[in-house]
Amino acid sequence: MSTKDVADHHLQAFLAGDLEETMRDYSDESVFISANGIARGREEISAVFTRLYGSIFAPGTYTFTLDFDHAEGDVATTIWHADCAGANIPIGTDTLVIRDGVIVTQTVALKVEPKA
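Scope of this entry: the structure provided in the associated data block. (Residues numbered from 1 in each chain as written. Predicted model: local features only at pLDDT ≥ 70, side-chain atom pairs only at ≥ 80, totals over all residues. Heavy atoms only, no water.)

The next subject is helix α1 (residues 3-16). Here α1 contains 14 residues, and its C-alpha end-to-end distance of 20 Å stays within 8% of the 20 Å for a straight helix at 1.5 Å per residue. Within the span of α1, buried status applies to Thr-3, Val-6, Ala-7, His-10, Leu-11, Ala-13 and Phe-14. For α1, the angular spread of buried residues about the axis comes to 165°, placing them on one side. In α1, the exposed residues that point more than 90 degrees away from the buried face are Gln-12 and Ala-16. Remark: Gly-17 follows α1 within two positions and exhibits a positive phi of approximately 65°. (Helix = DSSP H or I, 4+ residues; strand = E, 2+ residues; numbered from the N terminus. Expected span 1.5 Å × (residues − 1). Buried < 20%, exposed > 50% of the residue type's maximum accessible area, 1.4 Å probe, protein only. Arc of directions from axis to C-beta.)

In structure tokens, the structure reads:
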């Protein structure tokens, strides 16, 4: 699979809230980096997505808009925004380093504005 193929699969799995499909994109050596810390390996990364799918990104509770999407070599990046049930996210960005069909490293940054 190409970098773009993996990135597209990852986004579709995320939008569906499908943990099993999401985790197909990672290995036990993968690293997920966000402002909440670093998750290493499938078990820790799975816990991150389990929390997301059970809270701010619970399927059917938000709208997601992809603003920018590009893959070059083994790097893919997206810029997006979302309106969630409990918060507005005016900007979010994900950068994926993909090798041999697997996300090796993912970084996520987003601005969360809680709703009153």
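The rest of the description comes next.
Let's shift gears to the sheet that holds strand β3 (residues 62-72). The sheet built from 6 strands is open, its strands ordered β2-β1-β6-β5-β4-β3 with mixed pairing. Of all strands in the sheet, those with a lone pairing partner are β2 (37-40) and β3, marking the two edges. Taking the axes of each pair of neighbouring strands and ignoring which way they run, one obtains an average angle of 15° across the sheet. Strand contacts of helix α3 (residues 41-53): β1 (26-34), β2 and β6 (102-114), with the helix running at about 45° to β1, the strand carrying the most contacts. (Pairing = 2+ DSSP bridges. Axes fitted to C-alpha atoms, helices over the stretch in contact; angles between N-to-C directions. Contact = heavy atoms within 4.5 Å.)

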